[in-house]
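Coordinate analysis (summary)
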Amino acid sequence: MAAIDTIRYTRAELLEARPSGRQGYVRRLVRTVRSLANRIGSLLDRRRSRLVLLEMTDDQLKDIGISRCEAHREGLRPFWD
């Protein structure tokens, strides 16, 4: 019987620990906005790095093992790709 009482007690704790409707909504909204901001940030970082490839000299590209043609092709790709 003690095990059943423990299960009931634990379940009651879990129900109390859940956020109410408004708190849950706000948390989900904040998580969604944060996720969207992170995604936009990563897209912008990708675009910046592709633009840097276009500005590199032939010696710099040779150091990282990329040809001018490959750098040009990569640099002109859209940021969402």
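Residues numbered from 1 in each chain as written. Predicted model: local features only at pLDDT ≥ 70, side-chain atom pairs only at ≥ 80, totals over all residues. Heavy atoms only, no water.

1. Here we look at the packing of helix H2 (residues 21-55) against helix H4 (residues 68-75)
Which entries qualify depends on this criterion: Axis angles are defined between N-to-C directions and span 0 to 180 degrees, where every axis is a line fitted to C-alpha atoms and, for a helix, only to the segment in contact. Secondary structure is summarised from DSSP: a helix means a run of H or I of at least four residues, a strand means a run of E of at least two, and numbering begins at the N terminus for each. Should the near helix be turned counterclockwise from the far one by less than a right angle, the crossing is left-handed, whereas a clockwise turn marks it as right-handed. Pairs of residues are marked as contacts when any of their non-hydrogen atoms sit within 4.5 Å. Following the grouping adopted for this structure description, the nonpolar residues are Ala, Val, Leu, Ile, Met, Phe, Trp, Tyr, Cys and Pro, the charged ones are Asp, Glu, Lys and Arg, and the polar ones are all others, Gly among them.
Direction vectors running N to C along H2 and H4 enclose 145 degrees, while the axes themselves pass 8 Å from each other. Where H2 crosses over H4, the handedness of that crossing is left-handed. Contacts from Arg47, Arg50, Leu53 and Leu54 of H2 reach H4 at Arg68, Ala71, His72, Glu74 and Gly75. Residues belonging to the contact of H2 with H4 are distributed by class as follows: three nonpolar, two polar and four charged.

2. Notes on a nonpolar patch on the surface
Operational definition: Only residues whose relative accessible area exceeds 30% and that take part in no salt bridge are eligible for patches, with like-charged residues grouped when within 9 Å of each other and nonpolar side chains (Val, Leu, Ile, Met, Phe, Trp, Tyr) grouped when within 5 Å. Per-residue accessibility takes into account occlusion by the displayed protein chains alone, with areas from the Shrake-Rupley method and a 1.4 Å probe. Each salt bridge in this description consists of a side-chain nitrogen of Lys or Arg and a carboxyl oxygen of Asp or Glu lying within 4 Å of one another.
A cluster of nonpolar residues, Tyr25, Val26, Leu29, Val30 and Val33, forms a patch on the protein surface that exposes about 440 Å² of accessible area. Locating valine 26 in the fold gives a position in helix H2.

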